[in-house]
There are 2 protein chains.
Amino acid sequence: MPVYKAPVADTSFILHDVLDLSRHADLPGFAEATPDTVAAILEEGAKLTETSFAPVNLSGDQEGCTRHADGRVTTPKGFREAYDAYVQGGWLGLSVPEELGGQGLPSTLNTVMQEFASAANLALAMYPGLTMGAVAALIEHASPEQKARYLPKMVEGTWSGTMNLTEPHCGTDLGLIKTKAVPNGDGSFAITGTKIFISAGEHDLTENIVHLVLARIEGAPQGTKGISLFVVPKVLVNDDGSLGERNGVSCGSLEHKMGIHGNATCVMNYDGATGWLVGEENRGLAAMFVMMNEARLAVGVQGLAVSEVAYQNAVAYARDRLQGRSLTGPKNPDGPADPIIVHPDVRRTLMTIRSINEAARALILRTALESDIAHRSPDAAARQKALDFLGLMTPVVKGVFTDLGFDNAVKAQQMFGGHGYVEEWGMSQFVRDARITMIYEGANGIQAMDLVGRKLAKDGGRAVMTFFGEVEAFCKANASDPAMQPYVGPLGEGLGRLQQATMWFMNNAMAKPDNAGAGATDYMHMFGLVAMGYMWGLMAKAALAKEGEPGMAEKLVVGRFYMERLMPETAAQLARISAGADTTMALAADAF
Amino acid sequence: MPVYKAPVADTSFILHDVLDLSRHADLPGFAEATPDTVAAILEEGAKLTETSFAPVNLSGDQEGCTRHADGRVTTPKGFREAYDAYVQGGWLGLSVPEELGGQGLPSTLNTVMQEFASAANLALAMYPGLTMGAVAALIEHASPEQKARYLPKMVEGTWSGTMNLTEPHCGTDLGLIKTKAVPNGDGSFAITGTKIFISAGEHDLTENIVHLVLARIEGAPQGTKGISLFVVPKVLVNDDGSLGERNGVSCGSLEHKMGIHGNATCVMNYDGATGWLVGEENRGLAAMFVMMNEARLAVGVQGLAVSEVAYQNAVAYARDRLQGRSLTGPKNPDGPADPIIVHPDVRRTLMTIRSINEAARALILRTALESDIAHRSPDAAARQKALDFLGLMTPVVKGVFTDLGFDNAVKAQQMFGGHGYVEEWGMSQFVRDARITMIYEGANGIQAMDLVGRKLAKDGGRAVMTFFGEVEAFCKANASDPAMQPYVGPLGEGLGRLQQATMWFMNNAMAKPDNAGAGATDYMHMFGLVAMGYMWGLMAKAALAKEGEPGMAEKLVVGRFYMERLMPETAAQLARISAGADTTMALAADAF
């Protein structure tokens, strides 16, 4: 069975030594996040995910979810117990405001826990993950009455949440939504339509499921401007909070998917189900975007999470498996062969994954911290700056870390040879599970267009200029430190190329937007490489300050590997972006 | 259900206009391969694979193989009928010498058919594919008596073949093989041991299965020098050629794999099974290498094949699926949205896959043609030159085209959004099937080491220098043709970088072999990019000579895309290779 050990020490290093959490003690909830509290949360989170989530991951994949004739869906053996342990630990409310039943701690810590849980069991972690997204949308947009009715049970974990966007003919282009909402005359609406790919749409983990549903009110304008958001509980909730009658929503079937078999991906049928408008009429997409942005960051975390657990298993196998001899003479002379970790190509693979994971973790936690600042700071300028960072990095975290997470799972699987291809070892599951993260919550091509088409130019390029300025200042401040040279040298070069690519878009994509579209994916990955490189700069600086302490020498090596082996890709990316769209778009559609 | 249309026109262009098959009419079998015969073979091959193989691909994946309580294995519904059609078409013997029951045609044409069959149904195509590999090994190493006993039925397709190498504790490192062979005193041996991951080890498609098995004769030297090759039929063959008693070999279980579910991957138990030595005692690895080299090329073909069928389905979906509007204004103004093929990021994806596929097909067929020359030319110098090319390109074709084939299947799947993740559309199957090609017949890291550690330095670098010289001469000969500039310019640059990387190894890897190991995978991919670039140079030249004819303008565009978007990667590869092994190897094994 695959192993998993939550990366507590590395997380702690990032939170304290790189991000210096204590600097933000003035933010609500941060004063409570003392080093001791943080340590306790990391330890408890590690224990829960290692001992409750991980042991039912492979079996959950093999068993999958079952839809019964009466429409009920049951999750794999052991999921209920693991979920209950999660609920009992109060993890769902970790960063929810205390007045709504949570603990009010930084959402940065919640992001840490999302990584641990998703690494240990992605399919299972999605259930509470979706609830958290729905909670965030309700906090922001629901009426006080709606909040009172739904939030306490959701924060507790007794009820779960979902997002219902996709329909058979539309996923990316939500303007095409057909599900309709007809006023019942009592303030409620009758919702009718079919939604597909609904994660956790029906299951046996909670007493109720609170669906957030996009639909079109009769007579609403065409396109995205006519879409409203509704709350549609699986079981209607009486005014006293008790459960009433079953609502007119049911799971028509389960999708047969490549992976995340333990998560029930449902076709949901709404047959005049009773729903209530959340927020303003026809402003549903904006409301849903709160949930989607939360979800996009969470999906980026999933990419890292699978990459991390795949890495750990590849390391364990590479230490055990004896095959061939080192190129520099036997390292295990008494054995029949050397462990494969002696081979440079195996090392290169492991170092590549690790150098990405540690930088991705740092960028994710930095982004989560900015989200906390954006939501909690009393200072409007600080909030704005944090929101800028958050908006800029959301597509990068989602698009880059899920692409790389999948690639890394494939690389880790490769270490196992034929054993990686058979299901018993669990490596195939990591690959199959990771694959969905590149697709859901906006396929990665959409993330790239969000970055290039919206985020770059927003507010006159304020967010991107601020970020470039921060990286430039860091490079300059450390330019004369010889120990920092292996980091800030290549980082500065990568940043220069990223700036050139940005300038290229400014000069070439305004008049010809296809030039932006044809370079978007490369640009997103280039942005990710430079942002991760900056994280390595920060981590190297922090490691040098703690030189001699355990793990610090290794940090410096892994960071150097990143600069030598990952950063050079920016040269190829710049060349591809600058090639423009002419050749890409030259063929007629029927010439393919 | 997924679509498949064999790429007849493109194949024909490569065979006639790029490779000029008619130039080799002096080779045995080539005079018979007239343009008309070749056209008939391509058409028949297309028809068979499109109408018999493709329709049972998705259903074969979903049903899989079944092992019954008595050890029998049955293949999915429809496999038997499709296999019979293949046998009746005489496809197994297409390029086998006429005196052995074949048609004696160029094996280049057999390679074409391997692509069509693997694209249409990889799991099914593997059954006859393995037989062909076993036939090749027997032709080269078996005694006349053994040939007479086994080959006619195998060439006919009534019996199939397998290769039995891997054991639970060894795959790459065959020196660790434990299966033992004890002389029976009558010239035969009793074979005992367990083999795993045996493709087509047991099934219901043929009357008999001829296993080629690596085992160690009692008292043989340790390691690779003590391994012998045996032929072990599932059913013993009487002297008159009729089937006798069941031999002591059986399928213990089927592996639960990520993909190729329609192919029976078996644990094979040898319990004193009767086998006969093939070739010399203790020279089994050398004999098996004939089969492995054939198989490696065939696996490279599989990589291309899955990439091609995945591409075709992505194109079909991208033309149909309406989602969003073109950045340059509606292209389908009367519809609710534009087909996604208008989006530059979708185009970029499709063009990337296509530019790889067409170049891969050209390099594969060029390599197959060299194999024909190596086996059939009366001229020793020509044979030697062809063998050099073959040896050099075998790891490139296997390693690069399976890595890219998998990547391309993933890219094609991405075009489908969520629909790519559900099994009904077949895109998940292409990804899962393609994944094995990176692993079997030598994991791709091994291919890279074969290229860098053995092939480069062999005979004083003769093969690689000849190849570089050929590409250089081509660039020089076309340097003054403005129409060829977009091709030979970037090709020359890529070649220059490849030569620099080669020189770097010469200067840095002799004394420190880890420097070769740490750069091997990048080098292999760089070699592939330059070799494909050279193919694009040749194809552009051929297309320019036929300017105005159908498809030629498109060829020139796709080739330009390759040069603009694929070739720049060589810069990053050179940088990574030149970084050397120091950082890669710096950590202690227990620091991972």
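Presented here is a report on the structure given in the accompanying data block. (Residues numbered from 1 in each chain as written. Chains lettered and ligands numbered in written order. Predicted model: local features only at pLDDT ≥ 70, side-chain atom pairs only at ≥ 80, totals over all residues. Heavy atoms only, no water.)

## Details of the relation of the copies chain A and chain B
What counts, and what does not: For this overlay, a least-squares fit was computed on C-alpha atoms, restricted to residues scoring pLDDT of at least 70 in both copies. Contact definition: two residues touch when any of their heavy atoms are within 4.5 Å.
Placing chain A over chain B gives an RMSD of 0.0 Å and needs a rotation angle of 180°, together with 0.0 Å of translation along the axis. Such a combination of turn and shift is consistent with a two-fold rotation axis. Minimal C-alpha separation from the rotation axis in chain A is found for A:A572, amounting to 3.1 Å. Both copies present the same face, since 100% of the interface residues in chain A are matched by interface residues at the equivalent positions in chain B.

## Some remarks on the packing of helix α1 (residues 8-18) of chain A against helix α5 (residues 107-120) of chain A
Residue and element names in this part refer to chain A. As a reminder of what qualifies: Here, axes are lines fitted to C-alpha atoms. For helices the fit covers the stretch in contact, and angles between N-to-C directions go from 0 to 180 degrees. Put simply, DSSP marks the helices as runs of H or I at least four residues long and the strands as runs of E at least two long, and each gets a number from the N terminus on. Should an angle lie under 35 degrees it is considered roughly parallel, over 145 roughly antiparallel, and from 65 to 115 roughly perpendicular; all remaining angles are considered oblique. Each helix crossing is assigned a hand: it is left-handed if the near helix lies turned anticlockwise from the far helix by less than a right angle, otherwise right-handed if that turn is clockwise. Put simply, Ala, Val, Leu, Ile, Met, Phe, Trp, Tyr, Cys and Pro go in the nonpolar bin, Asp, Glu, Lys and Arg in the charged bin, and everything else, Gly too, in the polar bin.
Axis separation between α1 and α5 bottoms out at 12 Å; the angle between their running directions is 155°. Between α1 and α5, the angle is such that the two are roughly antiparallel. Considering how the two elements wind past one another, α1 and α5 form a crossing that is right-handed. Of the residues in α5, those touching α1 at V8, T11 and L15 are T108, L109, V112 and F116. Of the residues contributing to the contact of α1 with α5, the split by class is 5 nonpolar, 2 polar and no charged.

## Describing the environment of B:F467
Residue and element names in this part refer to chain B. Put simply, the rule reads: The classification of residues rests on relative accessible area computed with a 1.4 Å probe and restricted to protein chains. Under 20% of the type maximum is buried, over 50% is exposed, and intermediate values are partly exposed.
Locating F467 in the fold gives a position in helix α13 (residues 458-477). The exposure class assigned to F467 is buried, which follows from its relative accessible area of 2%. For the pair F467 and Y127, spaced 340 residues apart in the sequence, the C-alpha separation amounts to 34 Å.

## As for the interface of chain A and chain B
The line we're drawing: What makes a salt bridge here is a side-chain nitrogen of Lys or Arg within 4 Å of a carboxyl oxygen of Asp or Glu, nothing more.
Taken together, the contacts link 88 residues of chain A with 88 residues of chain B. Between the two partners, chain A and chain B, sit 2 salt bridges. Salt-bridge contacts for B:E569 lead to A:R576; the nearest nitrogen and oxygen are separated by 3.2 Å. Taken together, the residues of the side of chain A that touches chain B sort by class into 44 nonpolar, 21 polar and 23 charged.

## Brief notes about the packing of aromatic side chains
Defined as follows: Stacked, edge-to-face and tilted are the three classes for Phe, Tyr and Trp ring pairs, Trp counted by its six-membered ring, which pair at centre distances within 6.5 Å; planes under 30 degrees apart are stacked, over 60 edge-to-face, the rest tilted. By definition, being over a ring means that NZ of Lys or CZ of Arg is both within 6 Å of the ring centre and within 35 degrees of the ring normal.
Counted according to the given criterion, the structure contains 31 aromatic pairs over all chains. Between B:F467 and B:F468, the ring centres sit 6.4 Å apart and the planes meet at 50°, which makes this aromatic pair tilted. For the pair formed by B:F467 and B:F468, the shared burial category is buried. Aromatic pair B:F467 and B:F527: ring centres 5.5 Å apart, planes at 25°, arrangement stacked. Taken together, the positions of B:F467 in helix α13 and B:F527 in helix α15 (residues 514-545) put the pair 60 residues apart, joining distant regions of the chain. Accessibility classification places B:F467 together with B:F527 in one group, the buried group. Positioned above the aromatic ring of A:F389, the side-chain terminus of A:R366 is 4.4 Å from the ring centre.

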